[in-house]
Amino acid sequence: MRAGMLIPLALVCLVLPARAVAQDDDDPHHDRHGRRSHSPGLREVDEQSTRSRRQGFWLSAGLGVGGESFDAKDGLGWSDDQTGGVAAIRLGGTVSPSFLVGAELSGWALQNYNHQNYDRALGSLMGIVQWYPSPTGGFWLRGGVGFAHSEVTQNLSSNSSLRTADNGTALALGMGYDIPVSRKVSLTPTLDLMGQRYRDFDERVVSLGLAVAFH
């Protein structure tokens, strides 16, 4: 799967929940003149809907699939995409209903890279900020910066291997949509772009994932 194919698929996953929220806004408890009819039960639901679910400590863990490519800085440009598994865990605190801050540990890995006799893995540890344009909405944008790590393991034989590693810097941008499944738990489809810079090469990963978030 090429990384470019992940983007339209992720946008579908993010737009559908937003459409569902918009349909919920068409409240059947309005009369034909557009006036809202109130009752104690409806008033309680309305008050809960205007309060943000985000407060205090938060935690998110997810899995997904990502398309990786690299630029060896040899003038040939970026390599073909290779599809591997992605995992991430994020945690932190709530600054306001619109802003979360925290840390992210994420990784991408693929065995038998490009059908050759070696494995590749990328990792990152970053500080992140997550912004919700609507304090009570589920859509968010995220940015992060931090440390990057790359490993290549060449399988020389059944009993031996050669591992090389590099350290660099990481930069990430992402977006997602929290879909509440209970008062404190959400399912979150995500779309992320990870860039990593090393001395002799650059890496990028475009990934589509699904996370479970606890607020």
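Residues numbered from 1 in each chain as written. Predicted model: local features only at pLDDT ≥ 70, side-chain atom pairs only at ≥ 80, totals over all residues. Heavy atoms only, no water.

Q: Whenever I open this one, a nonpolar patch on the surface confuses me. Can you help?
A: Together, V95, F99, V101, V129, W131, F139 and L141 make up an exposed nonpolar region whose accessible area comes to about 560 Å². Those elements that place two or more of their residues in the nonpolar patch are β3 (99-110), β4 (118-131) and β5 (139-155). Structurally, W131 is set in strand β4. Relative accessible area serves as the criterion here: at 34%, W131 is assigned to the partly exposed category. (Patch = residues over 30% accessible without salt bridge, like charges linked within 9 Å, V, L, I, M, F, W, Y side chains within 5 Å. Areas by Shrake-Rupley, 256 points an atom, 1.4 Å probe, with all protein chains shown as cover. Salt bridge = Lys/Arg side-chain N within 4 Å of Asp/Glu carboxyl O. Helix = DSSP H or I, 4+ residues; strand = E, 2+ residues; numbered from the N terminus. Buried < 20%, exposed > 50% of the residue type's maximum accessible area, 1.4 Å probe, protein only.)

Q: Whenever I open this one, the confidence of the model for the protein confuses me. Can you help?
A: For any part of a model where pLDDT is low, the fine detail of the predicted coordinates should not be relied upon. Mean pLDDT over the protein: 83, with 75% of residues reaching 70 or higher. Across residues 1-32 the pLDDT falls below 50, and counting only partners more than four positions away or on other chains, this stretch makes 37 contacts in the model. Segment residues 37-50 is flagged for pLDDT under 50; beyond a separation of four residues in sequence, or across chains, it makes 8 contacts in the model. (pLDDT = per-residue confidence, 0-100. Contact = heavy atoms within 4.5 Å.)

Q: Which parts of the structure should I look at to understand the pattern of salt bridges?
A: Opposite charge on two side chains permits pairing when their charged atoms draw close. One pass over the structure, following the stated rule, counts 10 salt bridges. Measuring nitrogen to oxygen at the nearest pair gives 2.7 Å for the salt bridge that ties E104 to R90. Here R90 lies in strand β2 (residues 82-96) and E104 lies in strand β3, a separation of 14 residues in the sequence. Considered together, E104 and R90 belong to a single accessibility category, that of buried residues. Residue R120 is joined to E203 by a salt bridge in which the shortest nitrogen-to-oxygen separation is 2.0 Å. Of this pair, R120 sits in strand β4 while E203 sits in strand β9 (residues 202-214), and the two are 83 residues apart along the sequence. The two residues R120 and E203 agree in class, both being buried. Salt bridges sharing partners connect three or more residues here, namely R90, E104, R142 and D192.

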